[in-house]
Each structure stands twice: as structure tokens, then as C-alpha cells.
Number of protein chains: 2
Amino acid sequence: MFTVNKDYLALRGSYLFSGIASRVRDYKNSNPDKKVISLGIGDVTRPLTPVVIKALHEAVESQGQEETFKGYAPDLGYVFLRDTIAEKDFKSRGCEVESDEIFVSDGAKSDSGNIQEIFGRDNIIAVTDPVYPVYVDSNVMAGRTGEYDEKTDRWSKVIYLPCTAGNNFSPALPERTPDIIYICSPNNPTGSALSRHELQKWVDYANEHHSVIIFDAAYEAYISEEDIPHSIYECEGARTCAIEIRSFSKNAGFTGVRLGYTVVPKDLKSADGVGLYSLWKRRHGTKFNGAPYIQQWAGCAVYSEEGQKEIRENVGYYMENARLIRESLKDMGYEVYGGVNAPYIWLKTPDNMTSWEFFDVLLKKAGVVGTPGSGFGPSGEHYFRLTAFGKHEDTKEAVKRIQSI
Amino acid sequence: MFTVNKDYLALRGSYLFSGIASRVRDYKNSNPDKKVISLGIGDVTRPLTPVVIKALHEAVESQGQEETFKGYAPDLGYVFLRDTIAEKDFKSRGCEVESDEIFVSDGAKSDSGNIQEIFGRDNIIAVTDPVYPVYVDSNVMAGRTGEYDEKTDRWSKVIYLPCTAGNNFSPALPERTPDIIYICSPNNPTGSALSRHELQKWVDYANEHHSVIIFDAAYEAYISEEDIPHSIYECEGARTCAIEIRSFSKNAGFTGVRLGYTVVPKDLKSADGVGLYSLWKRRHGTKFNGAPYIQQWAGCAVYSEEGQKEIRENVGYYMENARLIRESLKDMGYEVYGGVNAPYIWLKTPDNMTSWEFFDVLLKKAGVVGTPGSGFGPSGEHYFRLTAFGKHEDTKEAVKRIQSI
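Residues numbered from 1 in each chain as written. Chains lettered and ligands numbered in written order. Predicted model: local features only at pLDDT ≥ 70, side-chain atom pairs only at ≥ 80, totals over all residues.

Asker: What is the right way to look at the overall build of chain A in this model?
Answerer: Across its full length, chain A holds 13 helices and 15 strands. C-alpha extents for chain A along the principal axes are approximately 60 × 55 × 50 Å. By residue count, 55% of the 405 residues in chain A fall in the buried class. (Helix = DSSP H or I, 4+ residues; strand = E, 2+ residues; numbered from the N terminus. Buried ≥ 20, exposed ≤ 12 C-beta atoms within 10 Å, placed from the backbone.)

Shown next, in the form of C-alpha cells:
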């Protein structure tokens, strides 16, 4: 008689996005003539760039010829891509990351969800709060999070690191020592980013306590300020305490193409000397069959001079949206954060409204959809997320409507 | 202080393929002029077919246009593909499988490895022996398999179902009742396939004992005989006991393209009434971000009339290799199995040689590489696998060389 994984049953329903969808549906039914504009999505809207399209076509063509056809890819990724990543994302920034420490995958979400599997079940995780839900959910599914308390919206074994305007969204070191620390910078949802000095503090803490940092750098391409590290390996000592997860989704628009990678340095070992590198390699080899050649070839094209130029243009397009939202809302008197090193604007709800109250106001009075901050964790309450991934025209129109509330 | 997943440390090294590689390397060093022919690979060699290439180009093109660009795919797959699969792979065969019971993924290997995660850690698995290593390894990594015994090459908690010439490679029902039963038919590595009657026996057994069958049908396209079911849902009662995993790798040559799917019927529930459907859906939603649009569009094209014709041609190409190997070896006096409903030929080693001894004879006397049966499990000892995925010329040459031993 088979039994199910009971830890799955502890998962909370994904109330956030279903809650948003049902409210938008109700609004549309009552207001059939009004166009709803979404500044809630985390998905890109710009098409793939010419360099990427050209590379995809090339790769497809080669898969139709006997001489150039490629079957199973190497488990960990093609050398041409891993070498390029090592050079362009790391060595060029002075980071010591070798080509064979790079594990190419079908995306940062898979890696974020799967990485916890190489750790023992007794490890205590810490997450910044608010946070991208996958970090916590994947640990719930592995039985690491204890009991859920409806009242506080917290798991008993998880260490929450509040990030609010009060600490400038830079979390304080925890009182209890976590084993695994998830850090996303630039951050989804707060749109803030840790400075080199602040990140170094975490690297030092992790090395001192033999904790491991899972560093999610999916939004690295949006960094505009000098002092913000693009990789955790810019910090001294990160090779012995940090895993870094990267994505092609938000820089090159690969949300529907699927490509990402994770760095596990060979120097990163448990107290009893087991290298995480070999464990992650084994997971890749056993439960994954390599990212597609077509995608890897296109990913490599992203690093060409022309590819980089196109990407900067796309990032610039979104960041102009971010600037517009940020500046306009400031002018209207909102307390606004983010939007400088990240495509997310994080605002304090006015008049101490709850996140959901403000959601309703924005929807009903402006026909604009955003994301209630409380959906990302307890410290997100009284905050609200707007994203810069919309089209210019829609973003402008949304801002105009918010002005007229 | 973080700790690692100790269950990973119990994994056996992948001695099989590294062992093969090192022997081939030694042989090549000693015989630099001789061309080694591999009939050991499980990867396809024919390029993608014109219909697939055309669809891939179409999809790529649409990803470069603002009007048709698609970002994140639906977690479970595009409706256009799921509807097509439901119709062409199931309803057309009289199987009751609905479109929304189909979970599109990046391939059967990921699904085979991940599916165990939705079950409790205390479940006992049964595998046919010999077997595709991923079923056992992914359960070792989850702590379900007990202790490994070097002498018997067996895990203490795993139920092995021997498949040998003695039982015509159709496993007998086990004495101890397993909770999860892995069945691959047509089978890798034995090349045999279960008849409808034999598979029905397992479905009845699973329903009676409330076990679940993980049915791997990756080689379904190679079935040539009437009486062999293409899907487990051709058996009565399978909807309450079976999950089916399918691949585009071996029919459409997608080994490097990456696309597969898994069927979890909504009727499949644990004894206490938890639907596996909702658990697998949650896993897909949390640790996976959808298969790429480009791949799904190409997968859909595989089902077109022209696509099916091309696939039958490719399958025919490989099966002509299978016929040649099978018939020629029979003529030489070998005891040969498989190769009728599967691209694998499974032969008994002559003169009671061990699998590795025969490997050495074949390599040294004929310059031909195959796979020692013992690498797939204890009951694979004294057997040897040859695959039909080579090029015609190479396969012919290999057969000629074996004849001259």
C-alpha cells in the first residue's frame, strides 16, 4: 500500500495569485468596458532579440543535418557555453569561478527548487522576508520547515530575516544560526540590492558559522549602481560558503526559452569534508538530462558583443518603465523603494492600508493590477509590488490612472 | 553548520560507463589504427526530421515578434500539445486519459527521477532486474533503499524482479508486496515487451494491493507486434493504479531537444484518499517552470500526418539495424532476445562468459563496443546489450566483424 509524501500536504495553497485572478475576474465582469492594466507580472514582454533569434535558427538547422546533429547534451552543459560563462560573468569581474564549476540547467526556478535536496533534512533555513515563495515551499516539501502558524504566517523552524524600510531592506544577522541562508539580490520583491559591504558581512558570517548561502542573482543585469556586486564571488571567501544561481530569463528574455545555471565551487564543503560540488553533479547526472543544445547555443550568443548590446537595450527599456513608475509615484507622495537596481518597485501602502486593501483601491479606482506585498511574507504587509516588465504605453497609462485616483 | 543529504553518499559510483570508457581508451591506445564501432549507445543518431525542423523554425520566428512572443509557459504544458497528446496517444487507442492529466516536461529522465518525490519515504520499491539505473538511484537519494550489499549487488529494501530467458523476461509477481512498482515496456535493456495479458496481471495486482505502477513507455514507438500494449491505460483498471511516463527522445529523436510527459490520472489515490495528481501538479508548479514553447510546438508537429510518417521511417531505419543484428547473431549461434518491439538486442554471452569477459572479447577481437548486462543489475550477468541506434554502415560493419571472431 503506497503512501504519499506527507510534507507536500503541509504546503499552503497559492492564495496570492489565485486571489488576484479571482478579484480581477470579478472586476472585469462588473466593468466589461474598462481595460485592466497589469503591473503585477514578473514575466518579460519584449520579444527575443535578433542575435538570439539568429542563433536559435542556426542551432535548429544544425539539428536537421546528419553531420551536425547532436543528441544527449553533456549532463552539466556544453563546454562552449560553460567556458563563455566562466569568462564573461566571472573572470572578467575578477571572480574565481572555473568553467567546470558551472552547471547549466533549464532555469533558475528548477535550480532554486532542487538545490535544497543535496542538504540533510535537519538543516535550518533562513529566508529574507518578504521572499520569492519557491525557497520556502521547496523546503516545506522536504520536511525542513516545521509547523505552519496561520496567525503569524510563519513556519516554526524557518528563520525569517525581516526586510523593511526600517532597515533599508538589508536584513540584520539572525540571532539563531541558520544552516542554509537564501539571499536574492537584487531582490524580488523589494527591488533593493545589497551593497558589496553588506553582502561581505553575510559571507563572513556564513564562513564563521559554516552556513551555506544560496545566492539568487537572477536580476543581476538590472544593477545600475557601482557599489552593488553582480556576483557573490566578488566577496572574499565566497568560494567556501556560497552557491550562486543565475538565469537567462530576465536579462535575455528567456522566460519561455528556459536556460539558467548554478555555480557550486569545489571549495565548498560540509564540516565533515563532503564537497557539495560532487552531490550537485550527481543530482544533475541522475535526475536531469542536460539543457537542450538549441537553448545552450542561443545562450552563448547572448554573450557576444552584439548580444550584450541588445540586452542592454531591453534592460534599458524596462528600467525606463521602472524610472517612470518610481518617479511618478514619488511625485504623488508615495513612499517608494527599488526600481534602481531591479525591475521591481516596492511601495508603502498609503494611510496604513493593508496590502490587499490597496490592491482593491488600485484595481477599482484605476483598473491597475499589482501584487500585494503580504503575499511574499509577513514583513511584506503594508507594502505593494509593481513591476517594470510591461509595455511602455501600458506603463504610462497605468501611471496616469494612478495619478487620477 | 550545514549537513549534506547522507542518502546521496550511499549512491554507487557509475562504474558501468566509466568502466567501458577506460577499457575503450586502453584499446585505442594499443590499436591506434583500428576504428572502434559502438553498439553500446542509447542515443539516437538520425537528425531531426523535416517536419520537426520546420516547426522549430516557426516557433523560433514567433519568439522574435512582439505580437507572438511567449514568456513563461503554463506549468503543465500548452493546451495545444496536451490536447493533441490526449487525442493521438490515448483516445485513438481507446484509453481514457484527459488532456489535463498530461504533464509536459523536459524529458522522461527528469520525470523518472522526480516522480518518487511525491511518495512517502517508507515506501518499498520493486524494480525489474536488469533495469534502467535511474529508478533505483533516485530512490537511493531519497533514503528508500536500505543498505547496499556489495556481494549480491542488491539494496536491502528493494524488491528485485528477475527477468531472464528462464521467464521469458516477464517478471513473476513478488512474494513481498511492494508499494511502488517500476515497469519499463518495451524494456531497456532486455528489449522484451510485456503482452497485454501480462501487463493486465500487474495492473490487477497493483489494484488489489493498493500499489502504484510507474510505467515507463519511452520505447513505445518500436512496438511491432499486435498484442503489445502501447500504453498501460489499455489495461482495465490502470487509471486507479498507474502513472505513465513518455518521451519524444526515441521516437522523434529529441534526446538533445528535451521533451516528455507524464500521465497522472485523477482517479489514482492513496488509501487515505490523497490524489497523486494534485501532488505532482504541485511539484511541477514549484520546482519546474514549464517546457519551452519552441519544444512544445515542435512536439505537436510530431503528431501531424507527415510528422508521423517521418517518425515511422526513422523507427524503421533503426529497426532494420535491430533485425540485422538479431538475425545475424542468431545465424552465428548466439542466443538472442529483443529487437522486435524495441531497439535493444539482448544476448546471452557464449560459453558462460561473464558480461565483462564478453565485453573484452568483442572489443579486442572485433573492435565492437556493447554494454555488459551486469551493469544493469545482478540478473543481467551473463547477458550483453547491443543497440540499434547506430548508422547502417557501422552496424553492418560491426556484424561482419563479429562474424569473423
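Structure shown, so let's carry the discussion forward.
Asker: Looking at this structure, how should I read the pairing of strand β7 (residues 180-184) of chain B?
Answerer: Two faces belong to every sheet, and in a regular strand the side chains alternate between them. All names here are of chain B. Along β7, five of the five residues are buried, which leaves the element largely enclosed by surrounding structure. Burial along β7 is two-sided: the face carrying Ile 180, Tyr 182 and Cys 184 and the face carrying Ile 181 and Ile 183 are both buried. One ladder, built from three bridges, connects strand β3 (residues 125-129) with β7; its direction is parallel. Its bridge partner being in β7, Val 127 is matched across the sheet by Tyr 182. With respect to chirality, the unit in which β7 leads through helix α7 (residues 196-209) into the neighbouring parallel strand β8 (residues 212-216) is right-handed. (Pairing = 2+ DSSP bridges. Right-handed = clockwise from strand over helix to strand, strands pointing away.)

Asker: Please clarify how the confidence of the model for chain A should be interpreted in this entry.
Answerer: Caution applies to low-pLDDT regions: their predicted coordinates should not be interpreted in detail. Across chain A, the average pLDDT comes to 96, with 100% of residues at 70 or higher. Among the scores for the predicted complex, ipTM is 0.97 and pTM is 0.97. (pLDDT = per-residue confidence, 0-100.)

Asker: Looking at this structure, I do not really get the sheet that holds strand β8 (residues 212-216) of chain A. What am I missing?
Answerer: Backbone-to-backbone hydrogen bonds join strands into a sheet, with any given pair of strands oriented parallel or antiparallel. Residue and element names in this part refer to chain A. The strand order across the open sheet formed by seven strands is β2-β10-β9-β8-β7-β3-β6, and the pairing between neighbours is mixed. Unpaired on one side and paired on the other, β2 (102-105) and β6 (159-162) mark the two borders of the sheet. Strand-to-strand, the axes of this sheet are offset by a mean angle of 20°, without reference to chain direction. The pairing of β2 with strand β10 (residues 260-263) spans four bridges and is classified as antiparallel. When the bridges of β10 are listed, Ile 102 appears paired with Val 263. Helix α7 (residues 196-209) rests against β7 (180-184), β8 and β9 (242-247) of the sheet, and its axis sits at about 150° to β8. (Axes fitted to C-alpha atoms, helices over the stretch in contact; angles between N-to-C directions. Contact = placed C-beta atoms within 7 Å.)

Asker: Which parts of the structure should I look at to understand the relation of the copies chain B and chain A?
Answerer: Mapping one chain copy onto the other needs a rotation about an axis and a shift along that axis. Between chain B and chain A, the superposition needs a rotation of 180° and an axial shift of 0.0 Å, giving an RMSD of 0.0 Å. Taken together, the rotation and translation relating the two chain copies correspond to the operation of a two-fold axis. Scanning chain B for the C-alpha nearest the rotation axis identifies His 57 of chain B, at a separation of 3.0 Å. The share of interface residues of chain B whose copies in chain A are also at the interface is 99%, consistent with both copies meeting through the same surface. (Least-squares fit on C-alpha atoms with pLDDT ≥ 70 in both.)

Asker: Quick question: what am I supposed to make of the sheet that holds strand β9 (residues 242-247) of chain B here?
Answerer: Residues and elements named next belong to chain B. The seven strands lie next to each other as β2-β10-β9-β8-β7-β3-β6, forming an open sheet whose pairing is mixed. Unpaired on one side and paired on the other, β2 (102-105) and β6 (159-162) mark the two borders of the sheet. The sheet shows a mean angle of 20° between the axes of neighbouring strands, taken without regard to direction. Here β9 runs beside strand β10 (residues 260-263); their pairing, made up of four bridges, is antiparallel. When the sheet's bridge partners are listed, Arg 246 is paired in β10 with Tyr 261. Here helix α4 (residues 79-90) sits on the sheet in contact with β2 and β10, set at roughly 120° to β2.

Asker: In this structure, what is going on with the domain arrangement of chain A? I would like to understand it.
Answerer: In many reports, interface size means the accessible area that the parts give up when they come together. Residue and element names in this part refer to chain A. Here the domain parsing of chain A yields domain 1 (6-47 + 306-403) and domain 2 (69-304). Computed from C-alpha coordinates alone, the two centres of domain 1 and domain 2 are separated by 25 Å. Facing 35 residues of domain 1, the contacting portion of domain 2 comprises 41 residues. Put simply, the parts of the chain that give the side of domain 1 that touches domain 2 at least two residues each are α1 (6-9), α11 (305-331), β11 (335-338) and β12 (344-348). Sorting elements by how many residues they give to the side of domain 1 that touches domain 2 places α11 first, with seven residues. Its residues assigned to classes, the side of domain 1 that touches domain 2 shows 16 nonpolar, eleven polar and eight charged. (Domains from an automatic or database assignment. Nonpolar A, V, L, I, M, F, W, Y, C, P; charged D, E, K, R; others polar.)

Asker: Help me out: how do you make sense of helix α4 (residues 79-90) of chain A in this one?
Answerer: Note: α-helices contain 3.6 residues per turn, so residues at a spacing of three or four share the same orientation. Residue and element names in this part refer to chain A. Here α4 is twelve residues long and its end C-alpha atoms lie 16 Å apart, about the 16 Å a rise of 1.5 Å per residue gives. Every buried residue of α4 is accounted for by Leu 81, Arg 82, Thr 84, Ile 85, Ala 86, Asp 89 and Phe 90. Buried residues along α4 sit in contact with β2, β10 and α10 (293-301). (Expected span 1.5 Å × (residues − 1).)

Asker: What exactly am I supposed to notice about the environment of Asn 341 of chain B here?
Answerer: All names here are of chain B. On the secondary structure map, Asn 341 appears in the loop between β11 (335-338) and β12 (344-348). For the pair Asn 341 and Ala 221, spaced 120 residues apart in the sequence, the C-alpha separation amounts to 8.4 Å. For Asn 341, the residues in contact, after removing those within four places along its chain, are Pro 186, Ala 193, Tyr 222, Ile 223, Ser 224, Glu 225 and Ile 228.

Asker: Explanation requested: the environment of Lys 250 of chain A in the structure shown.
Answerer: Residue and element names in this part refer to chain A. As for its placement among the helices and strands, Lys 250 is situated in helix α8 (residues 249-252). For the pair Lys 250 and Lys 54, spaced 196 residues apart in sequence, the C-alpha separation works out to 19 Å. Not counting the four nearest positions on each side in its chain, Lys 250 is found in contact with Val 44, Ala 218, Tyr 219, Ala 221 and Pro 343.

Asker: Help me understand the interface of chain B and chain A, please; the structure alone is not making it clear to me.
Answerer: Counting from both sides, the interface comprises 67 residues of chain B and, opposite them, 66 residues of chain A. Looking at the side of chain B that touches chain A, the elements that each hand over two or more residues are α1 (6-9), α3 (50-63), α5 (108-114), α6 (133-140), α9 (276-287) and α10 (293-301) of chain B. If you tally residues by element for the side of chain B that touches chain A, the top one is α3 of chain B, at six residues. When the residues that make up the side of chain B that touches chain A are grouped by side-chain class, the tally is 31 nonpolar, 23 polar and 13 charged.

Asker: Looking at this structure, I do not really get the environment of Asp 129 of chain A. What am I missing?
Answerer: All names here are of chain A. Within the secondary structure, Asp 129 sits in strand β3 (residues 125-129). Take Asp 129: there are 21 C-beta atoms within 10 Å of it, and that puts it in the buried class. Separated by 207 residues in the primary sequence, Asp 129 and Val 336 have C-alpha atoms spaced 18 Å apart. In this view, Asp 129 contacts Tyr 160, Leu 161, Pro 162, Cys 163, Gly 377, Pro 378 and Ser 379; residues no more than four positions away in its chain are not counted.

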